[in-house]
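So the chains spell out like this:
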Amino acid sequence: AYFNYFAAPTSGVRLNPNILIGFCPSAGWFPRTVEEHAWMKRQWTGWRETGARLFMRTNHLLDGYCMPFIFARQFADEFHHAAANGMVATDYDSLTGHWATQGPNLYTAARLHTRPEATAEAVLAEYHGAFGPAAGFVRDYFNYWETFTTRSQEKIARVMEATQTSRWRNWAKAAHEVYAPESFAPAEALLRQAEQAAGGDETALARVRFLQLGLRHAMLCARASSRLTLAGSDANDGEIKAVMDEVIRFRREHELSGIGNFNHLSWVEDLSWRLGAEAKQPPDLYP
């Protein structure tokens, strides 16, 4: 059930359990309005009512670039609905690995496969608990970003349409429009508090600093987006090189940190930004 034919049939067609349908919508990106979310769940239920079995095959986890783009609770609600209505498997090919900024999304997606009955709050409490004495501030940090993401729903849709930006392919083209510089300040303050709360707990402190690195990287990428976006950049060769040198230097310094998937990001940025020759690889280096 893919692309323009993912919506549930209205013809009354009857299928059977020997038919396995992959639900892969071309719409319904998170965050959704209440009405959009309810409609998407009805499409799943509509396919289930044909008598077929279903597996979840959405691309929604490709969304958000490397930004702190959090929609864990709405994702969990959809997963619960599917699990209660005929879902026999999943096929998520889009776990991008941006753990330092999108950890709650990724953890929720993984954990619900082993505890599909668990509430979103229980799963997120488990995730936040990994930060020990800093758990409360980390919870507040990600709640801040989830609220920001949810309240930005209309703005995100408007910006993506105006800049002709894909939610999965060239998000870096519009990152600066969604994440203005001032949006990061409250988040930075919460992570400073988390760092203080971690105190002498070395594991908790290391995990908080992991999040801080991810936030610094997101801020760097949003700033690069504002200067290099293909949706209006007039940067000259020297400016392009200066911006990319900063990005490349940061990524090389933290290449083995695990904060994000830099290979995935370069793929996204290739169709999002004005790039100089130093950011391009010759064709023979591609597999």
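Above this note sits the structure.
Summary of the structure given here. (Residues numbered from 1 in each chain as written. Predicted model: local features only at pLDDT ≥ 70, side-chain atom pairs only at ≥ 80, totals over all residues. Heavy atoms only, no water.)

This part covers the overall build of the chain. Scanning the chain from N- to C-terminus turns up 11 helices and 4 strands. In terms of overall size, the chain behaves like a compact globule, its C-alpha atoms giving a radius of gyration of 20 Å where 287 residues would be expected to give roughly 19 Å. When burial is assessed residue by residue, the chain has 49% of its 287 residues classed as buried. At a minimum sequence separation of 6, the contacts of the chain that also span at least 24 residues come to 75%. As displayed, the chain offers around 13800 Å² of accessible surface, 53% of which is attributable to carbon and sulfur atoms. A distance of 3 Å separates the average location of the 29 positive side-chain charges in the chain from that of its 32 negative side-chain charges. (Helix = DSSP H or I, 4+ residues; strand = E, 2+ residues; numbered from the N terminus. Rg over C-alpha atoms; globule rule 2.2 N^0.38 Å. Buried < 20%, exposed > 50% of the residue type's maximum accessible area, 1.4 Å probe, protein only. Contact = heavy atoms within 4.5 Å. Areas by Shrake-Rupley, 256 points an atom, 1.4 Å probe, with all protein chains shown as cover. Lys, Arg positive; Asp, Glu negative; His and termini not counted. Charge placed at Lys NZ, Arg CZ, Asp CG, Glu CD.)

Soluble, globular proteins show a tendency: their nonpolar side chains are buried together. In this structure, Tyr65, Met67, Trp145, Trp171 and Tyr179 are the most contacted members of the largest nonpolar core, which totals 77 residues. Per element, the largest residue contribution to this core is 12 residues, and it comes from helix H9 (residues 202-228). With residues up to four places along the chain from it excluded, the contact list for Tyr179 reads Met67, Pro68, Phe69, Trp145, Phe148, Thr149, Trp171, Phe184 and Ala222. (Core = buried A, V, L, I, M, F, W, Y, C linked by side-chain atoms within 4.5 Å.)

This part covers helix H6 (residues 153-162). All buried positions along H6 are accounted for by Gln153, Ile156, Val159 and Met160. In a view along the axis of H6, the buried residues occupy a sector of 135 degrees, so they form one face of it. Counted as exposed and oriented over 90 degrees from the buried face of H6: Glu154, Glu161 and Ala162. Buried residues along H6 sit against helix H1 (34-48), helix H5 (135-151) and helix H7 (175-178). Where H6 terminates, the next one or two residues include Gln164, which has phi positive at roughly 55 degrees. (Arc of directions from axis to C-beta.)

Mapped onto the elements of the fold, Ile248 is located in helix H10 (residues 237-253). With 204 residues separating them along the chain, Ile248 and Trp44 place their C-alpha atoms 42 Å apart.

Before going further, it helps to examine the packing of aromatic side chains. Under the counting rule described, the total for this entry stands at 23 aromatic pairs. Where Tyr107 meets Tyr127, the ring centres are 5.6 Å apart and the plane angle is 45 degrees; that geometry is what we call tilted. Of this pair, Tyr107 sits in helix H3 (residues 99-111) while Tyr127 sits in helix H4 (residues 120-129), and the two are 20 residues apart along the sequence. Using a relative accessible area of 9% as the deciding quantity, one classes Tyr127 as buried. Between the aromatic rings of Tyr144 and Trp145, the centroid separation amounts to 4.9 Å while the plane-to-plane angle is 65 degrees, which identifies the pairing as edge-to-face. Of the residues examined, Trp145 reaches a relative accessible area of 0% and is grouped as buried. Members of the aromatic cluster, connected to one another through ring pairs, are Phe30, Phe69, Phe71, Phe75, Phe79, Tyr92, Tyr144, Trp145, Phe148, Trp171, Tyr179 and Phe184. (Phe/Tyr/Trp six-rings, centres within 6.5 Å; stacked < 30°, edge-to-face > 60°.)

So, on to the environment of Val34. Relative to the assigned elements, Val34 resides in helix H1. Residues Val34 and Gln74, spaced 40 residues apart in sequence, show a C-alpha to C-alpha distance of 9.8 Å.

Before going further, it helps to spend a moment on unusual backbone geometry. Along the chain, Phe30 connects to Pro31 via a cis peptide bond; the corresponding omega equals -5 degrees. For Pro31, the position within the fold is in the loop between strand E2 (20-25) and H1. A positive phi angle, close to 50 degrees, is found at Phe3, a residue other than glycine. One can find Phe3 in strand E1 (residues 2-3). Residue Phe3 is classed as partly exposed on the basis of its relative accessible area of 48%. With a phi close to 55 degrees, Gln164 is a non-glycine residue in the positive phi region. On the basis of relative accessibility, which here comes to 61%, the residue Gln164 falls in the exposed class.

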